[in-house]
Amino acid sequence: MLKVAVCVSGGGTNLQAIIDRVGDGKITNTELVLVISNKPGAHALDRAKEAGIDTAVIEPKAYSSREAFGEAMIDTLQRADVDLVVLGGYLVILPENLVKAFEGRMINIHPSLIPSHCGDGYYGLKVHESVLARGNKVTGATVHFVDEGTDSGPIILQKAVEVRDEDTPETLQRRVMEQAEWVILPKAIDLIANNRIEIAGRVTRIRS
C-alpha cells in the first residue's frame, strides 16, 4: 500500500480529485495519510479533515533557514511513513534537502505542457496569462517528478486542452483543471502505486 502525502497552499481542488479517485477505486493500492499546507487557513485542510486525513501546517517563515524548514518537512513526512509526496498546488520553493530526501518519490502537477510556460515565476494564473499572451492554440497539464530545478524533472503524464478565442485566464485555468489536472494527477499516483513507472535518466516509461 502506497502511503501518500499531499502538499497544498490553497483550495485543494487537486487534493479533492485525489480523494475522490481513491474513494471510487480509480486510484488503487493507495492510502492518503497526510495533507501538509504552508497556510493555516487553506481550504484544503478542511477537505482533508472531512475525508479523515491527518493534517499539518508547516510555515517556512517559522524557521530560521530554508534548511531548517526542509528538516521540519522531512521529519513530518518520515514520521507519517510517507512513500510518495504529491505537490498539488503547493506554492513554496522547496529546500534542497527536502528534494534530495524524497528523490524519485515526489511529483508535481503543472498547468501547462512542459517545457512551455514553466519555470521560475510560472504559477497559478500567470501560466494561463502567458499561454493567452503567446496565442497558443493548445495548452494542458503535466505531471512530473520533482528534481532540483523548477518544473524540470522527468515527465510522467501530459494531457492537452484546447485554447478558445474567448478564453480569459480564469476560464482557461478552470478548463485545464477539469480536463487535464484532475485526470492525470490521480492516474499518475495509481501508476506509481502499482509500480508501473520506470525512470531512465530524464525519461519515464510506463510498464504494461
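Rules used in this analysis
Residues numbered from 1 in each chain as written. Predicted model: local features only at pLDDT ≥ 70, side-chain atom pairs only at ≥ 80, totals over all residues. Heavy atoms only, no water. Buried < 20%, exposed > 50% of the residue type's maximum accessible area, 1.4 Å probe, protein only. Helix = DSSP H or I, 4+ residues; strand = E, 2+ residues; numbered from the N terminus. Pairing = 2+ DSSP bridges. Right-handed = clockwise from strand over helix to strand, strands pointing away. Salt bridge = Lys/Arg side-chain N within 4 Å of Asp/Glu carboxyl O. 1 Å grid on protein atoms, 1.4 Å probe; cavity = no way out; pocket = protein on both sides within 12 Å on 5 of 7 lines; lining within 4 Å. Points joined across faces, edges and corners; volume = space filled by probe spheres on them. Axes fitted to C-alpha atoms, helices over the stretch in contact; angles between N-to-C directions. Parallel < 35°, antiparallel > 145°, perpendicular 65-115°, else oblique. Contact = heavy atoms within 4.5 Å. Nonpolar A, V, L, I, M, F, W, Y, C, P; charged D, E, K, R; others polar.

Caption draft 1: View of the pairing of strand S4 (residues 84-87). Burial along S4 is two-sided: Leu84 and Val86 and Val85 and Leu87, pointing in opposite directions, are all buried. As paired elements, strand S1 (residues 2-8) and S4 share four bridges and run parallel to each other. Paired with alanine 5 across the bridge in S4 is valine 85. In this structure, S4 lies alongside strand S5 (residues 106-110), joined through three bridges in parallel fashion. Looking at the pairing, leucine 87 lines up with asparagine 108 of S5. Read as a crossover between parallel neighbours, the route from S4 over helix H4 (residues 96-101) to S5 is right-handed.

Caption draft 2: Quick peek at the pattern of salt bridges. Taken as a whole and assessed by the stated rule, the structure comprises ten salt bridges. A salt bridge links aspartate 81 to lysine 3; the shortest N-O distance between them is 3.4 Å. On the criterion of sequence distance, the pair formed by aspartate 81 in the loop between helix H3 (66-79) and S4 and lysine 3 in strand S1 is long-range, its members being 78 residues apart. Here aspartate 81 falls in the partly exposed class, since its relative accessible area comes to 46%. The class of lysine 3 is partly exposed, set by a relative accessible area of 26%. In this structure, arginine 174 engages glutamate 178 in a salt bridge whose closest nitrogen and oxygen atoms are separated by 2.8 Å. Residue arginine 174 and its partner glutamate 178 are both found in helix H6 (residues 169-193); the two are separated by four residues, about one turn of the helix. Classification of arginine 174 as partly exposed rests on a relative accessible area of 41%.

Caption draft 3: Highlighting the layout of surface pockets. By volume, the largest pocket is sized at about 1000 Å³. Along its surface, the largest pocket is lined by 42 residues, and Tyr90, Leu91, Val92, Asn108 and Tyr123 are the ones closest to its centre. For the lining of the largest pocket, the elements supplying multiple residues, two or more each, are helix H1 (13-23), H4, S5 and H6. What lines the second largest pocket is a set of 13 residues, among which Glu103, Gly104, Val146, Asp147 and Glu148 lie closest to the centre. Examining the composition of the lining of the second largest pocket, we find that three residues originate from one element, H4, more than from any other.

Caption draft 4: How the structure looks around the packing of helix H5 (residues 125-134) against H6. Running from N to C, H5 and H6 cross one another at 110°; their axes reach a closest spacing of 9 Å. Regarding the angle of H5 to H6, the classification is roughly perpendicular. Listed contacts from H6 to Leu125, His128, Glu129, Val131 and Leu132 of H5 are Pro169, Glu170, Leu172, Gln173 and Val176. Grouping the amino acids of the contact of H5 with H6 by side-chain chemistry returns six nonpolar, two polar and two charged.

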